[in-house]
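This is what each chain is made of:
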Amino acid sequence: MLLRNDKDQEIVSRDKRDRRNFEQLSGLAKHVGLYCELYGKVVIGSKVPLPNYKPDLDDKRPQREVSAGPPERYSRF
């Protein structure tokens, strides 16, 4: 599926079965020329090499809340 689609670069799976069978998925991905990494509770298969750490998928990383207030008006003197 990923090899046939030029638009998609990676597949993200949060399925417990994929985490349990990660070694088999990783071997299969390597055999067909893809990359596979396990990040916490997420398995990613990708066409491009993956980093060792993806902060957006880290469960233990605190999420920062960002709020945007009304724009301030600046005046020239």
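Predicted model, so just to flag it, every value in this text is computed and none were measured.

**Student:** Quick one: what's the story with the overall build of the protein chain, residue by residue and with numbers?
**Tutor:** Helices and strands together make up the secondary structure of the protein chain, namely two helices and three strands. Reading the secondary structure of the protein chain in the N-to-C direction produces β-α-α-β-β. Per-residue burial for the protein chain yields a buried fraction of 19% across its 77 residues. For the protein chain, the accessible area works out to roughly 7100 Å², and carbon and sulfur atoms hold 50% of it.

**Student:** Please set out the pattern of salt bridges residue by residue, giving values where relevant.
**Tutor:** For the structure shown, the criterion picks out one salt bridge. Across the pair Arg 17 and Asp 15 runs a salt bridge, and its minimum N-O distance is 2.8 Å. Look at Asp 15 and you get partly exposed, because its relative accessible area is 27%.

**Student:** Provide a residue-level description of the sheet that holds strand β1 (residues 10–13), including the pertinent values.
**Tutor:** Read across the sheet, three strands follow the order β1-β3-β2 without closing on themselves; strand pairing throughout is antiparallel. Of all the strands in the sheet, the pair left with one neighbour each is β1 and β2 (35–39). Neighbour-to-neighbour, the strand axes of the sheet open up by a mean angle of 15°, direction not taken into account. Inspection of the sheet shows β2 paired to strand β3 (residues 42–46) by five bridges, in the antiparallel sense. Each bridged residue has a counterpart across the sheet, and for Tyr 35 the counterpart in β3 is Ser 46. Where helix α2 (residues 22–31) meets the sheet, its contacts fall on β2 and β3, and the angle it forms with β2 comes to roughly 155°.

**Student:** Let's hear about the environment of Asp 18: which residues, and what values?
**Tutor:** Mapped onto the elements, Asp 18 comes out in helix α1 (residues 16–20). On the accessibility criterion, Asp 18 (23% relative accessible area) is partly exposed. Between the C-alpha atoms of Asp 18 and Val 42, which are 24 residues apart in sequence, the distance is 8.6 Å. Leaving out residues up to four positions away in the same chain, Asp 18 has contacts with Ser 13, Leu 25 and Val 43. Within the structure, the side chain of Asp 18 is placed 2.3 Å from the side chain of Ser 13, a separation counted as a polar contact.

What counts, and where the lines are drawn
- Residues numbered from 1 in each chain as written.
- Predicted model: local features only at pLDDT ≥ 70, side-chain atom pairs only at ≥ 80, totals over all residues.
- Heavy atoms only, no water.
- Helix = DSSP H or I, 4+ residues; strand = E, 2+ residues; numbered from the N terminus.
- Buried < 20%, exposed > 50% of the residue type's maximum accessible area, 1.4 Å probe, protein only.
- Areas by Shrake-Rupley, 256 points an atom, 1.4 Å probe, with all protein chains shown as cover.
- Salt bridge = Lys/Arg side-chain N within 4 Å of Asp/Glu carboxyl O.
- Pairing = 2+ DSSP bridges.
- Axes fitted to C-alpha atoms, helices over the stretch in contact; angles between N-to-C directions.
- Contact = heavy atoms within 4.5 Å.
- Polar contact = N/O pair within 3.5 Å; in protein donor to acceptor, adjacent residues only side chain to side chain.

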